[in-house]
Every structure is written in structure tokens, then in C-alpha cells.
Amino acid sequence: MTTDVIGIRIDEQTSELVGKLIEYKLVKNKTDAIKWIMKYGIQTTKKIIEKKEASQFIIEKWKKEGFPELPENLSEMSVRERE
């Protein structure tokens, strides 16, 4: 497959998205980040980043405070919810 190389300037918001895609290891580099944004669009990329940030927040909270207490009958509750 042949490819073309082009240079582009992006706004600050798009640049932040590129950085976050790399930070959360969704892509390896800036080129892949731009390809991702072109394929999925900015709105979809923003939603994915928001989900990643929410997950990171929960993980950091658990690291500081420990895992939340779970009910002893969690297995039974899960079975009832599926019925």
C-alpha cells in the first residue's frame, strides 16, 4: 500500500485529543492518533477519552481508598438481576 505524506496544523483541542490518545495508550504515536481521529471523528474520540478519564478517576480513587465494600450476597443479586 502506498501512502502520501502531508503536513497539517491542528487546533489546541485536537492537539489535546492527540496527546490523550497517546497517554491512554489507545495509539502509539501522533500519526496513529490523527488516523484514529480521521477514522472515528472528533466527537466519538472525545466520548472514548471521557470514558477513559472516568475509568482512570475510579482507579486512582481505589488506589487511595481501597476497593469498595461489596455486599456479601453479590452473587445471588447478580443471578436475580439476570432472571
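This is a predicted model, so every value here is computed, not measured.

## Some remarks on the nonpolar core
1) Next: Counting residues in each nonpolar core, the largest one holds nine residues, listed as Leu-17, Val-18, Leu-21, Tyr-24, Val-27, Ala-33, Trp-36, Ile-37 and Ile-49.
2) Next: If you list the elements that add at least two residues to this core, you get helix H1 (12-23) and helix H2 (30-40).
3) Next: Sequence-distant contacts of Val-27, that is, excluding residues within four places in its chain, are made with Leu-21, Ile-22, Asp-32, Ala-33 and Trp-36.

## Considering the pattern of salt bridges
Close approach of charged atoms allows side chains of opposite charge to pair.
1) Next: Tallied over the entire structure, the rule returns two salt bridges.
2) Next: With a shortest N-O distance of 2.8 Å, Lys-20 and Glu-53 are connected by a salt bridge. Taken together, the residues span a long stretch of sequence, with Lys-20 in helix H1 and Glu-53 in helix H3 (residues 42-65) at a distance of 33 residues.
3) Next: Judged by its relative accessible area of 27%, Lys-20 is partly exposed.
4) Next: Notably, a salt bridge pairs Lys-63 with Glu-60, separated by 3.7 Å at the nearest N-O pair. With Lys-63 and Glu-60 both in helix H3 and three residues apart, the pair spans about one turn of that helix.
5) Next: For Lys-63, a relative accessible area of 63% corresponds to the exposed category.

Cut-off values and rules
- Residues numbered from 1 in each chain as written.
- Predicted model: local features only at pLDDT ≥ 70, side-chain atom pairs only at ≥ 80, totals over all residues.
- Heavy atoms only, no water.
- Core = buried A, V, L, I, M, F, W, Y, C linked by side-chain atoms within 4.5 Å.
- Buried < 20%, exposed > 50% of the residue type's maximum accessible area, 1.4 Å probe, protein only.
- Helix = DSSP H or I, 4+ residues; strand = E, 2+ residues; numbered from the N terminus.
- Contact = heavy atoms within 4.5 Å.
- Salt bridge = Lys/Arg side-chain N within 4 Å of Asp/Glu carboxyl O.

The values reported here are purely geometric and, on their own, carry no functional implication.
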